[in-house]
Amino acid sequence: MKRVIALLVILLALSILAGCGNRLGGTASNENSISVQEWLDSKGETESSTMTVTVKTIVNPVLAIVEDEFGTSVNLFGVMVDGEFMEFEKAGISEGNTIVIRDGKYNEYEGDVEIKEATLVEIK
């Protein structure tokens, strides 16, 4: 009986760990997921929303061009991890990564729109 209980505990722990993946905090990536175009149209006025984007180009340590599944792109100015602003490399983000970000702020900088202060939820 003790072996059965121990086995069940191990299986439960493994299933919980498998579900964690590369999650960095926050909500599940499919909760209130929006496209980049929806985010642009609302000028970032979306509550508790996530976006799944692919990092197309890292321009410099804190500026990247990201694109959603529909081909809409926008600039991303760094990411927040545990409430701290991070450069992409320090956050473990590389070109080609698909990432989930949450609650990015709309910002216009030198005529371009960028997402700033977005919380990094997951690197897929």
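Above this note sits the structure.
Every value quoted in this text rests on a predicted model; they were computed, and no experiment measured them. (Residues numbered from 1 in each chain as written. Predicted model: local features only at pLDDT ≥ 70, side-chain atom pairs only at ≥ 80, totals over all residues. Heavy atoms only, no water.)

Asker: Outline the overall build of the chain, listing residues and values.
Answerer: Secondary structure assignment for the chain yields three helices and nine strands. For the chain, the residues scored as buried account for 31% of the 124 residues in total. Residue pairs at least 24 apart in sequence account for 53% of intrachain contacts in the chain once pairs closer than 6 positions are excluded. Split by element, the accessible area of the chain, about 7600 Å² in all, is 53% carbon and sulfur. (Helix = DSSP H or I, 4+ residues; strand = E, 2+ residues; numbered from the N terminus. Buried < 20%, exposed > 50% of the residue type's maximum accessible area, 1.4 Å probe, protein only. Contact = heavy atoms within 4.5 Å. Areas by Shrake-Rupley, 256 points an atom, 1.4 Å probe, with all protein chains shown as cover.)

Asker: Outline the pattern of salt bridges, supporting the account with residue identities and numerical values.
Answerer: In total, this model carries three salt bridges according to the counting rule given. Across the pair E67 and K56 runs a salt bridge, and its minimum N-O distance is 4.0 Å. A residue pair is termed long-range when its members are at least 10 positions apart, and E67 in strand β2 (residues 63-67) and K56 in strand β1 (residues 50-60) qualify at 11 residues. Its relative accessible area of 24% is what places E67 among the partly exposed residues. What makes K56 partly exposed here is its relative accessible area of 43%. The shortest N-O distance in the salt bridge between R102 and D103 comes to 3.5 Å. (Salt bridge = Lys/Arg side-chain N within 4 Å of Asp/Glu carboxyl O.)

Asker: Please set out unusual backbone geometry residue by residue, giving values where relevant.
Answerer: Of note in the backbone geometry, K43 takes a positive phi value of approximately 55° without being a glycine. When you line up the elements, K43 lands in the loop between α2 (36-41) and β1. One non-glycine residue, D103, lies in the positive phi region at around 55°. Along the chain, D103 falls in the loop between β6 (98-102) and β7 (105-109).

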